[in-house]
Each structure stands twice: as C-alpha cells, then as structure tokens.
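Residues per chain are reported as follows:
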Amino acid sequence: MSPLPLDDTLYKEEHMEFIKQETGIHDPDALKDHVLRIQKKAYALHSFACIRGFRFARTVISQLPAYQQALKVGKERDGAIFLDLGCCCGSDIRKVARDGYPTQNLLASDIFEGFWNIGHELFMSTPITFPVIFLAGDAFDPAFLEPSTPLMTPSEIKELPPPMASLSSLAPLRGHVSVIYISAFFHLFTEEQQQHIACCLAGLLSPLPGSLIFGRHIGHSNAGLRWSLRPGRDGQKMFYHSPESWVELWEGVFPKGSINVEVELEEAATDAGQIREWLVWSVSRI
C-alpha cells in the first residue's frame, strides 16, 4: 500500500513553540520551511503517520499528569536514569532536558537510528551540543531487551549501572532505570506483544519508591480487537486496552502491592486529526 502524500495543511504553527525555543527560528515562514524540509527527509526514511501529522516535531510529555513526578525523581535522585523508548526524533526527551532533568542521565532508544540523526537537524543540534546517549535497537529482540522479574527491594541491586556510553543493549540496565517514558507505542502491537513489552519494562524499572513508567496510547472504553482507521493500517484489527484491562496488565506483571497504577481515558486527536480515545497512564513503585 502506497503511503499517503504529505499534506502541508496539517502543519500548525502553534504546535511548534518548542522548536522555536530550541532553534531560535521565530520567523513563521522560515520556521515552516525548516520543519517541512525535515519532514520530507523523515517521511522518505519511513512513512509513518507520526511524521505525516507532525507529531515528530511536537512535545506531548509535559502534558501528562505524571510528568512532574518524573522531573522530581530526576532532580532529587542521584544518577536517576530516564529512558525514552521509541523516541523517534527526540522531541520529548529534549523537553525533559530543557526542564532540568540531568542530561547525563537521559537515554533515548528507537529501532530507527536515522530518526535520531534527523532530530539533530530538526533542532539544529549536534551530539556535542545535545550529548544525550542514543541506543538503536528492537524492543522485541531478546538480545536487546528481554522480560525479567522485577526487583522487589533496593537490596537486590548488587552493582552500579554500567556507563550509558558503553551500552549496546538495554539488558544491563535491569533494575536501574528510574523513569521510563513510552508513548504512542503499545497500541501498535498485539495483546501478547503488549504483555511482553510490559514484562520487559517491569524488569528494567528500579525498585526504589517513586520510580515510574508512564505514557499515552490509543485505548477504548472496552478492551478488545477493533478495526483500525490509522493510515496504512486500514483493514487490520488492533488490540486496544481499556482502563480496567490496563490496570490488570500491570498488576499481573509486578508483585502484588508493589505498584500504583493510574489511568484515564481521554479523547484527543490522532496525528491524522481523527478523534480517538487515549489511555493516559502511569505505573509507580510504592
């Protein structure tokens, strides 16, 4: 199936405030030309809906209820690793850095390294001016990330985490990640695959109280398979969790009584401008 053509009318200047701040491009025409040029390059790499709808150039993370808790962990806990899994061009993790999370503790990961490089072009940065470690890898590759039993207590952590610059996979970070952000990710996969990723993330999360996993993705008031209307997925059924099934998933992954799950179902537009129900959620260690 051929990708949908790019549509300049989907560009909204009010969504580009963060890029203005980061690049210093304040002229509306120059800003639009810059973003559209980068969009074409990214869409040629992979024709994802998030590229066509300009999600790659916007920040969502600071609108989520758990965001302030995530920043608090980063500012108050020494060496608190923040992982953005499925980071695309890195807009959200740049917002985290801008808001004061120590840059040396940030880690971005995506299956496509090209998007991270395009992010440097988009924000007019370099690995020197924005020295966040990027790790390319497939979250479903057991050599990169595999399910593991969550640690119960801090005493189970026997070693310090390895230097992030030395990592070739996420596996050595078991029990060492204080904050995991994963957005617009889970709804892309089957129910079984979503369970698998939840188990992987649970193993990475630190057992220290306040450690958290949070994000947002498409959901539904009733869990189950539903026809997708997402561009490129017409005619496919997707598994969407409900708030109730989402809580059950995480309470089945972590030891009983070790987490607090908060989830809301909200209506919001997709990157294609369609109204969808979204799960906005967080999982915190108690």
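Definitions and limits used
Residues numbered from 1 in each chain as written. Predicted model: local features only at pLDDT ≥ 70, side-chain atom pairs only at ≥ 80, totals over all residues. Heavy atoms only, no water. Core = buried A, V, L, I, M, F, W, Y, C linked by side-chain atoms within 4.5 Å. Buried < 20%, exposed > 50% of the residue type's maximum accessible area, 1.4 Å probe, protein only. Helix = DSSP H or I, 4+ residues; strand = E, 2+ residues; numbered from the N terminus. Contact = heavy atoms within 4.5 Å. Expected span 1.5 Å × (residues − 1). Polar contact = N/O pair within 3.5 Å; in protein donor to acceptor, adjacent residues only side chain to side chain.

Some words on the nonpolar core
1) Next: If you look at the biggest cluster of nonpolar residues, it comprises 35 residues, and the most contacted ones within it are Leu170, Leu201, Ile213 and Trp250.
2) Next: Looking at this core, the elements with two or more residues in it are β1 (81-85), β4 (177-181), α7 (191-204), α8 (243-253), β8 (259-269) and β9 (275-285).
3) Next: Tallying contributions element by element places α7 first for this core, with six residues.
4) Next: Those residues in contact with Ile213 that sit more than four places away from it in its chain are Ile180, Ile182, Leu201, Ala202, Leu205, Trp250, Phe254, Trp281, Ser282 and Val283.
5) Next: Ala70, Leu71, Ile93 and Phe134 belong to the second-largest nonpolar core, a separate cluster that totals 26 residues.

A few points about helix α2 (residues 28-45)
1) Next: For α2, with 18 residues, the first-to-last C-alpha span of 26 Å sits near the 26 Å given by 1.5 Å per residue.
2) Next: Among the residues of α2, those classed as buried are Leu31, His34, Val35, Leu36, Ile38, Gln39, Ala42 and Tyr43.
3) Next: On its buried face, α2 is in contact with α1 (17-23), α3 (49-52) and α6 (113-122).
4) Next: With a side-chain oxygen positioned 3.2 Å from the backbone nitrogen of Asp29, the residue opening α2 is Asp27.

Section: the side chain of Ser282
1) Next: The topology assignment puts Ser282 in strand β9.
2) Next: On the basis of relative accessible area, Ser282 is assigned to the buried category, the value being 7%.
3) Next: If near-sequence neighbours (up to four positions away) are discounted, Ser282 is found in contact with Ala66, Ile213, Phe214, Asn260, Val261 and Glu262.

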